[in-house]
Structure formats: structure tokens, C-alpha cells
Amino acid sequence: MSTIKNTVLAMSVALTMSATVAETFTFISPQKPGAGTSVWTDIVVKELQKHMPNDTLKIRYYPGARDIPAINDFQSELRFDDTNIVVSHGGNGVSFLQENVAKYNYGDWDSVGAMNLNIIAAKQKSANFNKERIRFQAKSGRVPDAMAMAMLMCGPNKSISEYTSCFKENVIWVKGMKTAGGRLAFIRGELNATRENPAAYKKHIEQNPDAELWFHHGILQADGTHIDDVNYPGFQFEILFENKYGVKPEGRFYNAYKLVKSFRDGLQKAMWVNKNNPNRAKLVDALTKMSNDPDSQKAIEKKVGRYDWVIGDAGNDHRDTLMGFINSTALHDMVKFSNDALDIKATYKKDLLK
Amino acid sequence: MDILSLTALVAGTLYGLLIGIIPGAGATTGLIFLFSIIGLFPDPYLAVIFIMAVVAASTTGDTYSGVLLGIPGANSAAATMVDGFPLALKGKATYAISAAVTTSTINGLFWGSLTFFLLPYYTKLILIFGVPELWAFTMLALVTVTFVSNSTYWFRGIVALLAGLFIGLIGIDPATALDRFTFSWDYLGNGVQILPMVAGLFAIPEMIAGLRQKSCTSKIEVDSWQQTVWGMKAVWRNKWLAFRGGFIGAFIGILPGLGGAMADWMAYGAAVASDPNPKVAFGKGNIKGVIGPEGANNAQKATSMIPTVLFGIPGAPFAAIVLALFSYLDFELGTLDLIADTKFFDSMIIGFLAATALVGVLCLLLTKYIAAIARLPYKYYFPFLIAFIVLASVQYTGGWEDYAILLIASLIGLLAKKYKFSRPALLFGFILAERIEALSLQMHDLYAFDRLLDRPIFIGLILTVLGVLLWGLTRKSTLEYS
């Protein structure tokens, strides 16, 4: 009995200590200063600091190829320091699924919080994809966009190889463009289709008189379904597909699409600590306060747009929902399409099935 | 202008003047230092004012070391030195400095106004320039920097360019998204970073050369107000020469890949050519040999910003650092976002024009005190320069890898300087390699050959590239005396 009492007492003291002792926390951004996720980290950490006045929050920029080394090192080493928090983005989610060099596992971590957002595709008003090929900027994080295009162009009930051939016939996948260069090429008409996150869509597409909404991927729900975006109603990929072909999208290719789009959009910006990190409660508490603080939200929205937060255990549930999409067939099909249609050297990572 | 903008302007001007005065330093080195402090600015637009003030002030300030010590502060003052230093030895240092500063200031204000006030209007070009035009324009930058800026040693220029292209291609292959030339070193996955490359290629070799250079040890008097007035009157008498120098500098600045000493030497050559029977021989203290090149350097700095801002293609080596600094501040050059950002252009205008005027006034009024700084032995500030350069160059990861890259780049820079392999060609190859490759891929994907023939600007640029190539290969350089 006394052992139990002592244990409870020790745990209470530890919890109290972790809640009150001032710490220096390091947020690890996988990019160099000024890049997208670093900018997001800058602003979120600045606002978070206001809700953790006794602690010191600092940022470590840890750039590397395809933003992977920081996340790998967090997995192998940095996460065991309880003051380290890693910030991941949607591209890390896609790399996790299909790149051998990505050696991290979201399942080994606990979520502090994540932003769940949508990606919206646009096209030139004058473009007629029945008569001309789609000209779209290639990037490894755009696998879901390519798969949606393949299904919209080619219809239901096709094999992966058939979708691949059809995609190549209908789409010019233009390599070597950076995001800003792609936007300019779209305005000049060299590209006739593009995609953006909601904030960038408002900024770059809605003001372009020659552009129009094409489709969006929908918003991931806790039960694993995707629903229409109220900001762009009626343009969810699934709705457009059903309107065009009279059947709902389904089958192996669709499952592969659902897997990769969920990992990209559902984890577009996420903060993680090691599993059972004693500081997590403090961080989650501060993030909750920040997400309820209108001034903080206004500051964040001004820079990165308005997205919904999933915080603490809800973030873990969100992650678990995503992990539930992983199965051998979907993973295999996604990798095959990436390799054959997009020339991305993707790898089937059977370890993810464990 | 609010108090913070004014503070950024004055601080940038004084810093630029100081870095310009120091022999072997100059705009490029001064801008590299900024990477260690640029994150401290509370507002990125203040940083833009500061950066442009540094560019303007350092260009004017480098006259001092050339005239007083016989050492150019940067390449841009080397032509001024040819006649400025002999004038100083004759007891006319203030006369030479006054003429140089006046010419530099007037041309800086004139060409700076033409550039920066009209820059938002030039931006329509980026909607006209598609992938093929950008490809051809980038090729023009590579050809001019290799064959024109260093035509005496053009074969070494090609070698340097190829080396730069190779280093620039280290990283990720855009076609396959796989690592390339990284030698299994993860650090190189994002490519070689620009800062240690520029610091190693330019700043460190110049600073080491500065240690070795022997300056004039005799003290030259510089406190004559009468000479200041004479200098200004000399500019008025040679106003067309000053204007021609400015025009040459402005033209060279617009061309991507050129800049630096080339405009100055061309302007000097024009001054020599315009006076076949001079009263005082050129090279012996002819004031026209000061006014001609000084007209070119500030004008060239201003117009170099046109290709830099519009297309993200640096107009000169210093502009490559400006490009990287703006990128650090989240200003993406060559994009529509930036072009719609009037505050950005206002900050550039304030920074460049106000600093040009301010540094001109300071130099004319305080020549005596500024000269005292120029005379401070190099060995006193060399350790600080090296420390700041290293600090600014190792900010990518802060780990030993950054130091290793800086060391390697410094060795390359020292060897290239010693054996006259064009460092600008190496730098431009490095900076533009990824762009050329990406544009080549895009052109292949988007344009059939017959569609290219329908694009007159593309055809014009390709003909210009071929013309420059032919000119560079066949014409003996008029700049050999540089």
C-alpha cells in the first residue's frame, strides 16, 4: 500500500514539477529560415511563447534534402531529449509513405497539435482538357493531385497500369519548377492547371480573372472520411467524379489516392514530441490557450491562413486514423503510380505495415 | 519616413561607407556580413532599406583607399586609382576624392531614380518572358560573364564556369528527385549553400590579399576646402564625360552577369579615348581618369538590380548576395507577389537614393575624418573581418560541415584568384546551374522546336548570345590594362 502511495506521490511531484519548472524548449524546423514550414514555425512559436511565459522557446532550423534529415534525426536521437519538438509538413507525410530515406515513424511520437487542411486545384478558364493536355507543375508532394487528375480524366474501373498510361496521355508533368515559378507560368498560360493551399488559393488564384476552381481534395474527418469544403462547395473530387461518371470513386487506385492525400493534407503542419514526453501536457495546454486566443489566431491567420487545429490527444487520434489507411495494396499501388507515371523513385516500404 | 526607417538608412549608410573604405572589402564582403544580423531587424522592409543603403554607400566609400593608399576598396575603385593615386601624391587628394564623390553621387541619383522609380513598370516584362526567354536570358548571363568580363583568359573562364555549374548541380536531381553528386553526404542534399561559396570565392581571398598589399606610407593631406570646390567644378567642366561614364555603367549593369570592375574600366577607356592629347597624361594624375570610371560604378550598382529583381538573375556578383539576403527575408525576386509589393520598391528607393545622397554629403564634408579611418593599418581590422565573415557563412546548420564548405570554397577562391580563373564565372555557374537545368527541362516538356521559332524575343536573345560568344572569342580585350 505504501508503495502505491509513494508512487502516486512521486508522480504528483513529477507532474507538478514539469508544470512549473521553467524549461527551454527547442522547436526543430526541417527547413532553412524563410522557407514555408520555418515561417509557420516562427509565427506559431512566437504566439505560443505568450502562453508559456515562464519558459523559453527557441527554434532550430535543420535543413536538409527534401526536408527529411531533421525528421530522421528526431526519430533516431533528438526525440529522447524531452525539450525537443519537431515540426513536420505534408511533404514529410508523402515521403514517409514512399521514400526509403525517410526513416521516421509517426507512430513512435505523440502529437502536440496539427493543422488539417485542404488543397485546391484550379485551371485556366480557356483550358479544355478534352482537347488539350493538362500542363501541371511536377513536385513530389503532388502525388495526390496527379492521382485525382488521372481518375477525373480516365474514369472508373481501371488498373494501375491503365491509369498510368492514361495519365501520360493526358498530362504533361512539368519538372524543375519552383512554387513561385509555377505560379508565374500558370498566369502566363504555360501551365493550364495548378493547385494551392487555401490561403495561397485566395491570394493567387481568386484574383486571377483567367482562372477558375477545378477541384479540391476535401477535408479529412475523425472517422476517416473526407467531406466537402464549405468554402468551395460542390467541387470535392469525389463529387465531381460521381457527377461525371455516375458512380462513386472506389477501388484500388482510389484507396491509394485516399492514403496519400490524407497523409499530405491531414498532416500539413504538425508538432510532435516523443511518446510519453512529460512536457507534452504543458505544451498541449499552451497550444490550446493559443488556439483560443483571438489575437494569437489573428496573427497566425495573417501569415498562414485560417486552418483548424487538432490538439493533443485529438492529434494522436488524427494520426491513428491516417495510419489506419495504410495497407499493402494501397501502398503498393501508390508507389507504382509514383514510379511509373511521375518518375519519382518511390519505394514500397513494407515496414509501414507492421 | 518614420524614425525606424531613418535609423536603418543612416546605419546602413555608415556601415556601407565603413566597409567601402576598408581596402579589400567592398559591397560583396559587406553584404555577406549582414547574414549574421539580418534576422534581428523587426521588419523586413527596414532590412531592405539597410541593404540598399549598404550597396550605395560602399560603392562611393571605396574611392578613399584607392586614392589615398593606392589600394582599391573593391574592384570598382581600381580604375579610379589609376589617376586618383598619382593626384594624391601630387598633394591633390581632396581634389580627386571630391571629383570622384560628386560624379558618383550624381550618377547614382540619376540612374538610381531611373531604375527604382520605373522598376514596377518594367515588371510587365516578367509576364512577357516565358520559359524559353528566361532560358535564353540565363544563357546570356553565363556567356557574358565567361567571355566578356574576362576575355583575356576565356578558356580559364570556361573551366571556371564548368566548375561552378558542377558545384551548382550538387543536390537533388529535379527530374528524378534523387540525390546527385552528394558523395553520400546528407549535408549536400540541399546543395552547396551560397554564403560559404561567395565568402570563400570572393571575401576571404580579397581579405588575404589585403594583408599582403603594401599601401602608401606617406601621409597625404586631405583637409583642403579649396580642393573640394575644385573637384566639384572639375565634374561640371567634364559633365558629359561623367554622364557617359554613368551611361556605360548603367548599360553594363542591366546585362546579367556583368558588373563590378568591367563598367569602370570601359568608362575609363572611354575617357582615355575621348582625349587623345591630354595636358596631363592618363595614369599620371589626369582628373578625367577619375571622373570617367566613378560615373560608372554607382550607376552600374543601380541598374544591376533590374535583372536581379525582375528575373531573380543577379546582375553582378554583389547582386547575388542581395538576392540571397532578400530570399532570407522571404522576398522572392522575379515573382508577381513581390511586384505587387509597393512597400518593397519604396524601401529600395529610399535605401539606395537617400543613402547615395547622404554618403555624398558626408564624404564631401568629412573627408579629413574618413581619410583617418582609411589610414588605419589593415592588420587591426582584419581579425574582425574574418570573424564576421566566418560567422555569417556558417549559419546553414552551424555544424562542422558549414566550416568545411567554407574552407573548401576559400581554397577554390584563392587558387582561382592566383591562377586567374574567373571567379565571377564560377559564381554565376554555381548560382545559375539549377536554374538552367530546370528551365531546360521545362522547355523540353512545354515547347516543341517549331513553337520556339514563333517567339521573337527568344530568337533575339539567342542571336545576342551567339553574338556575344563570337565577340568574346575573337576580339582581343580592350580591358587588358585592368
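With that out of the way, let us pick up unusual backbone geometry. Positive phi values are uncommon outside glycine, yet A:Asn157 reaches one of about 55 degrees. Within the secondary structure, A:Asn157 sits in the loop between helix 5 (143–154) and helix 6 (160–170). Notably, B:Phe181 is not glycine yet its phi reads approximately 55 degrees, a positive angle. Here B:Phe181 shows up in the loop between strand 2 (179–180) and helix 10 (194–212). Judged by local crowding, B:Phe181 falls into the partly exposed class, with 15 C-beta atoms found within 10 Å.

Let us look at helix 7 (residues 179–188) of chain A. Among the residues of helix 7 of chain A, A:Gly181, A:Gly182, A:Arg183, A:Leu184, A:Ala185 and A:Phe186 are the ones counted as buried. A:Gly189 sits one or two residues past helix 7 of chain A and shows a positive phi near 90 degrees.

A separate point is the interface of chain A and chain B. Counting from both sides, the interface comprises 27 residues of chain A and, opposite them, 30 residues of chain B. Looking at the side of chain A that touches chain B, the elements that each hand over two or more residues are strand 7 (171–174) and helix 7 of chain A. Per-element accounting of the side of chain A that touches chain B gives the leading share, six residues, to helix 7 of chain A.

As a further point, take the sheet that holds strand 9 (residues 211–216) of chain A. Residues and elements named next belong to chain A. Here three strands make up an open sheet; going across it, the order is 8-5-9 and the pairing antiparallel. Of all the strands in the sheet, the pair left with one neighbour each is strand 8 (193–196) and strand 9. Here the strands of the sheet are splayed against their neighbours by 30 degrees on average, with no regard to which way each runs. Two strands pair when backbone bridges link them, and strand 5 (residues 120–124) and strand 9 are joined in this way by five bridges, in the antiparallel orientation. Paired with Ala122 across the bridge in strand 9 is Leu213. In this fold helix 8 (residues 198–205) packs onto strand 5, strand 8 and strand 9, with an angle of close to 135 degrees to the strand it touches most, strand 8.

With that out of the way, let us pick up the sheet that holds strand 12 (residues 269–274) of chain A. Residue and element names in this part refer to chain A. Here six strands make up an open sheet; going across it, the order is 2-1-3-12-4-13 and the pairing mixed. Of all the strands in the sheet, just strand 2 (56–61) and strand 13 (308–311) have a single pairing partner and so form its edges. In this sheet, neighbouring strand axes are inclined to one another by 20 degrees on average, regardless of whether the strands run parallel or antiparallel. Across six bridges, strand 4 (residues 109–116) lies against strand 12 in antiparallel orientation. Counterpart to Ser111 in the pairing with strand 12 is Trp272. Across the face of the sheet, helix 2 (residues 36–50) comes into contact with strand 1 (24–29), strand 2, strand 3 (84–89) and strand 12 while running at roughly 175 degrees to strand 2. In the packing of helix 13 (residues 313–324) onto the sheet, contacts are made with strand 4 and strand 13, and the angle to strand 4 comes to roughly 85 degrees.

Judged by nonpolar contacts, the single largest core of 259 residues is most densely connected at B:Ile32, B:Ile51 and B:Val198. Examining the composition of this core, we find that 13 residues originate from one element, helix 3 (residues 44–61) of chain B, more than from any other. Viewed by domain, this core spans two of them, domain 1 (2–116 + 266–317) and domain 2 (120–263 + 327–353) of chain A, each represented by three or more residues.

A few words on the environment of A:Ile120. All names here are of chain A. Its place among the elements puts Ile120 in strand 5. Along the backbone, Ile120 and Gly218 are 98 residues apart, and their C-alpha atoms lie at a distance of 8.7 Å. Not counting residues within four places of it along the chain, the set of residues in contact with Ile120 comprises Arg195, Glu196, Pro198, Tyr201, Leu213, His216 and Tyr232.

All names here are of chain A. Where burial is concerned, the two faces of strand 6 (residues 134–137) agree: the one with Ile134 and Phe136 and the one with Arg135 and Gln137 are both buried. Pairing between strand 6 and strand 7: four bridges, direction parallel. Looking across to strand 7, one finds that Ile134 is bridged to Val171.

About the thresholds
Residues numbered from 1 in each chain as written. Chains lettered and ligands numbered in written order. Predicted model: local features only at pLDDT ≥ 70, side-chain atom pairs only at ≥ 80, totals over all residues. Helix = DSSP H or I, 4+ residues; strand = E, 2+ residues; numbered from the N terminus. Buried ≥ 20, exposed ≤ 12 C-beta atoms within 10 Å, placed from the backbone. Contact = placed C-beta atoms within 7 Å. Pairing = 2+ DSSP bridges. Axes fitted to C-alpha atoms, helices over the stretch in contact; angles between N-to-C directions. Core = buried A, V, L, I, M, F, W, Y, C linked by C-beta atoms within 7 Å. Domains from an automatic or database assignment.

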